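Structural characterization, general
Okay, here's what each chain looks like letter by letter:
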Amino acid sequence: MDTTAARSLLAEPGPDGHVDEFAVQVYEHALGRGAVTPEALVRELDAPRRRVDEAVGVLRALRLVKDAAGSRGELVAVDTEAAQFELLVPLEQAIHDNRRRLAGVKGQLQSFMEAFNSNRRDRPRGESVVVTDDPEEIRLRLMDAARQCTGEILLMQPCVAQEPTELRHAHPVIMEALRRGVRAQALYPHTARGDAATRARVAALTEAGGQVRTSREIHGRFLAFDRKVAFVPADSEAGVAIVYEPSVATFLGSIHDLVWQSAFPLEPGTVGYAETLDDLRSTILELLASGIKDEVVARRIGMSDRSFRRHVAAIMQDLAADSRFQAGVRAAHAGLVGSAPERQEGRLHSPLTMGKSS
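What about the environment of Met175?
Positionally, Met175 belongs in helix α7 (residues 170–179). Sequence-distant contacts of Met175, that is, excluding residues within four places in its chain, are made with Ala204, Leu205 and Ala208.

In structure tokens, the structure reads:
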């Protein structure tokens, strides 16, 4: 008989997670002797009595040694299979019994849970808006909204790099809802196509069945569940306002629908800005022509100030303009600003299409 099974049984008791090698040595010695006393183990193994007693205690707990029949303090080693049967069968039976009791309790609670959820859906909420900057409360309210969501989740936000820490739990709950069959549509600005974190997020969402598009402008940031509950930024610098007013969530959903119709699909394998580059630069030109400050334009299109200045410089170079005013005049003549049909027609012969970069 070898000691492989004994080593596996002895792996658990050690406080550091390792096999008690001395206990294995005592077990091997007892196997070879038939019957042995602790005093003999002390002499023959040249070990302190305390250590021998500890090893014997471990072996007794694992049912690997027992008192010899009619002995006067003698111990005999027990076959590992017999020890496993004596030690593990009761534990396995206890696990089986506990699982059966757990299933029974769940079954009993199910009818009460259904009654509670039905009552909660039918009962008007006592709070229409909750404003909080507590990450744990935000997480719990996100989980609750996602758990009750059965139809769709609508998301509109800048790139993931600009995602507020208060909503860092939104992605996991969306993924869980997708696994349950809930639809999800996410809108990002075109500039998100150049953000590595956003592209990784898009890959995960689309793989799970979600849809992602990018638009020339993103009108704020929000997350809506079934057009009944919405999460929007609070007035303060940090925090979230959770709106339990269906009329507000429905209004946000209509904004999402409007932007979604003209947005460009974003597939995980798309490289750079692709066909959205002209749309992005046309947006920059229109906003600049309206007299809006650079930092405001950059924020509306979800771009950093540095990236925005780089795009403006590229536009001026493509238009061979020495100033922004001159760039605006030439863009107007090329049909790059104005109504949508004019932009579309002008884009066919636009100088911007000749100097694309991703």
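Describing the packing of helix α2 (residues 21–33) against helix α3 (residues 38–45)
Relative to each other, α2 and α3 sit at 110°, their axes nearing to 11 Å. Classified by the angle between their axes, α2 and α3 sit roughly perpendicular to one another. Facing Phe22, Gln25, Val26, His29 and Arg33 of α2, the residues of α3 in contact are Leu41, Glu44 and Leu45.

Here's the deal with the sheet that holds strand β8 (residues 229–233)
Pairing is mixed in the open sheet, where 8 strands are placed in the order β3-β9-β8-β7-β4-β5-β6-β10. Among the strands making up the open sheet, the edge pair consists of β3 (129–132) and β10 (264–265). Inspection of the sheet shows strand β6 (residues 211–215) paired to β10 by 2 bridges, in the antiparallel sense. Bridged to Arg213 within β10 is Pro265. Most of the contacts of helix α6 (residues 135–148) go to β8, to which it runs at about 150°, and overall it touches β3, β7 (222–225), β8 and β9 (240–243). The strands touched by helix α8 (residues 196–207) within the sheet are β5 (183–189) and β6, with β5 carrying the most contacts at an inclination of about 160°.

Some words on the environment of Leu142
Inspection of the secondary structure puts Leu142 in helix α6. Each C-alpha atom of the pair Leu142 and His169 lies 7.5 Å from the other, and the pair is 27 residues apart in sequence.

Quick look at the pairing of β5
By the criterion of burial, β5 is predominantly enclosed, with 6 of the 7 residues buried. Sheet analysis places strand β4 (residues 152–156) next to β5, joined by 5 bridges and oriented parallel. Among the inter-strand pairings, Leu154 is bridged to a residue of β5, identified as Gln185. As paired strands, β5 and β6 are joined by 5 bridges and run parallel to one another. Considered in β6, the bridge of Ala186 is made with Val212. Following the chain from β5 across α8 to the adjacent parallel β6, one finds a crossover that is right-handed.

Concerning α8
Here α8 contains 12 residues, and its C-alpha end-to-end distance of 17 Å stays within 8% of the 16 Å for a straight helix at 1.5 Å per residue. If you check which residues of α8 are buried, you get Thr198, Arg201, Val202 and Leu205. Buried residues in α8, looked at end-on, bunch into an arc of 105°, giving them a common side. Those residues of α8 that are exposed and angled more than 90 degrees off the buried face are Ala196 and Glu207. On its buried face, α8 sits against α7, β5 and β6. In the segment just after α8, Gly209 is the residue with positive phi, at about 110°.

What about the side chain of Thr214?
Summarising the element assignment, Thr214 is placed in strand β6. One polar contact links Thr214 to His190, side chain to side chain, over a distance of 2.9 Å.

Things to note about the packing of aromatic side chains
Per the stated rule, a full pass over the model turns up 1 aromatic pair. A centroid spacing of 5.8 Å and a plane angle of 75° characterise the contact between Phe225 and Phe231, whose relative ring orientation is edge-to-face. We classify Phe231 as buried; its relative accessible area is 1%. Positioned above the aromatic ring of Phe22 is the side chain of Arg51, whose terminal nitrogen or guanidinium carbon lies 4.3 Å from the ring centre.

Quick notes on the confidence of the model for the protein
Counting all residues, the mean pLDDT for the protein is 77, and 75% of those residues have values of 70 or more. Here residues 11–18 is a poorly scored stretch, pLDDT under 50, and it has 6 contacts once near neighbours within four places are set aside; other chains count. Across residues 339–358, where pLDDT falls below 50, the model places 37 contacts with residues more than four positions away in sequence or in other chains.

Focus on the nonpolar core
Ile153, Ile174, Tyr188, Leu205, Leu223, Phe225 and Phe231 are the most contacted members of the largest nonpolar core, which has 31 residues in total. For this core, the elements supplying multiple residues, two or more each, are α6, β4, α7, β5, α8, β7, β8 and β9. Among the elements that take part in this core, α7 stands out by supplying 6 residues, more than any other. Among residues more than four places away in sequence, those in contact with Leu205 are His171, Ile174, Met175, Leu178, Ala186, Tyr188, Gly210 and Val212.

Quick word on unusual backbone geometry
Within the chain, Arg63 stands out as a residue other than glycine whose phi angle is a positive 60°. Note that Arg63 resides in the loop between α4 (49–61) and β1 (65–67). Look at Arg63 and you get partly exposed, because its relative accessible area is 31%.

The rules we used
Residues numbered from 1 in each chain as written. Predicted model: local features only at pLDDT ≥ 70, side-chain atom pairs only at ≥ 80, totals over all residues. Heavy atoms only, no water. Helix = DSSP H or I, 4+ residues; strand = E, 2+ residues; numbered from the N terminus. Contact = heavy atoms within 4.5 Å. Axes fitted to C-alpha atoms, helices over the stretch in contact; angles between N-to-C directions. Parallel < 35°, antiparallel > 145°, perpendicular 65-115°, else oblique. Pairing = 2+ DSSP bridges. Buried < 20%, exposed > 50% of the residue type's maximum accessible area, 1.4 Å probe, protein only. Right-handed = clockwise from strand over helix to strand, strands pointing away. Expected span 1.5 Å × (residues − 1). Arc of directions from axis to C-beta. Polar contact = N/O pair within 3.5 Å; in protein donor to acceptor, adjacent residues only side chain to side chain. Phe/Tyr/Trp six-rings, centres within 6.5 Å; stacked < 30°, edge-to-face > 60°. Lys NZ or Arg CZ within 6 Å of the ring centre and 35° of its normal. pLDDT = per-residue confidence, 0-100. Core = buried A, V, L, I, M, F, W, Y, C linked by side-chain atoms within 4.5 Å.

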